[in-house]
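A structural walkthrough
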Amino acid sequence: MNLDFSWMAWTWPTAAFFIIIVLMLFGMGVWEYASPGGHPRIGVLRFETTRGDRLFLSLLGSAFIHLAWLGLVGSNLWWALALSVVYAVGVFRYV
């Protein structure tokens, strides 16, 4: 079986993106194993969320932030990354 991935732009930033997401999922799995349950809580959205829910909301929101940045500002994504980190901290803190 020959898998041809030449159609995709496998650059170091692309690889780092996927590696970081895998590491985040692995870290959340280890955290859940060490401290099961994660103490679900009700935040500003008024529904119960767990750590996994907040990670999902952070990743989804960060994707939209980056897409909006690409469409409105341009291809320099460092400020979008900074904004996404602030957004993720806010989600984990208040949601």
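Everything below is about the structure shown above.
Let us look at the structure shown here. Every value quoted in this text rests on a predicted model; they were computed, and no experiment measured them. (Residues numbered from 1 in each chain as written. Predicted model: local features only at pLDDT ≥ 70, side-chain atom pairs only at ≥ 80, totals over all residues. Heavy atoms only, no water.)

Thoughts on the pattern of salt bridges
- If you walk through the whole model with that rule in mind, you get 1 salt bridge.
- For E32, the salt bridge identified is with R51, shortest N-O distance 3.0 Å. Taken together, the residues E32 in helix α1 (residues 12–34) and R51 in helix α2 (residues 51–72) connect sequence positions 19 residues apart. (Salt bridge = Lys/Arg side-chain N within 4 Å of Asp/Glu carboxyl O. Helix = DSSP H or I, 4+ residues; strand = E, 2+ residues; numbered from the N terminus.)

Quick look at the packing of aromatic side chains
- Going through the model one piece at a time under the given rule, you end up with 1 aromatic pair.
- Measuring from ring centre to ring centre gives 5.1 Å for F17 and F18, while their planes differ by 80°; the resulting arrangement is edge-to-face.
- A relative accessible area of 38% means that F18 is categorised as partly exposed.
- Lying across the ring of W31, R51 places its NZ or CZ 4.3 Å from the centre. (Phe/Tyr/Trp six-rings, centres within 6.5 Å; stacked < 30°, edge-to-face > 60°. Buried < 20%, exposed > 50% of the residue type's maximum accessible area, 1.4 Å probe, protein only. Lys NZ or Arg CZ within 6 Å of the ring centre and 35° of its normal.)

Points about the packing of α2 against helix α3 (residues 78–94)
- Two elements in contact, α2 and α3, have axes separated by 9 Å at closest approach and are oriented at 155°. Judged by the inter-axis angle, α2 sits roughly antiparallel to α3. Crossing handedness for the pair α2 and α3: right-handed. In this structure, α2 contributes R51, R54, L55, L57, S58, G61, S62, I65, H66 and W69 to the contact, and α3 contributes W79, A80, L81, L83, S84, Y87, A88, V91 and F92.
- For the contact of α2 with α3, a count of residues per class yields 12 nonpolar, 5 polar and 2 charged. (Axes fitted to C-alpha atoms, helices over the stretch in contact; angles between N-to-C directions. Parallel < 35°, antiparallel > 145°, perpendicular 65-115°, else oblique. Left-handed = near helix turned anticlockwise from the far one by under 90°. Contact = heavy atoms within 4.5 Å. Nonpolar A, V, L, I, M, F, W, Y, C, P; charged D, E, K, R; others polar.)

Regarding the environment of T50
- Along the chain, T50 falls in the loop between β2 (48–49) and α2.
- In sequence terms T50 and L72 are 22 residues apart; their C-alpha atoms lie 33 Å from each other.
- Here T50 is in contact with G37 and P40, once residues within four sequence places are set aside.

Description of unusual backbone geometry
- Despite not being glycine, R46 shows a phi value in the positive range, around 65°.
- In this fold, R46 is placed in the loop between β1 (41–42) and β2.

A closer look at a nonpolar patch on the surface
- A contiguous nonpolar patch, built from F56, L60, F64, L67 and L70 and spanning about 530 Å² of accessible area, is present on the exposed surface.
- With respect to the helices, strands and loops of the structure, F64 is situated in helix α2.
- Residue classification places F64 among the exposed residues on the basis of a relative accessible area of 54%. (Patch = residues over 30% accessible without salt bridge, like charges linked within 9 Å, V, L, I, M, F, W, Y side chains within 5 Å. Areas by Shrake-Rupley, 256 points an atom, 1.4 Å probe, with all protein chains shown as cover.)

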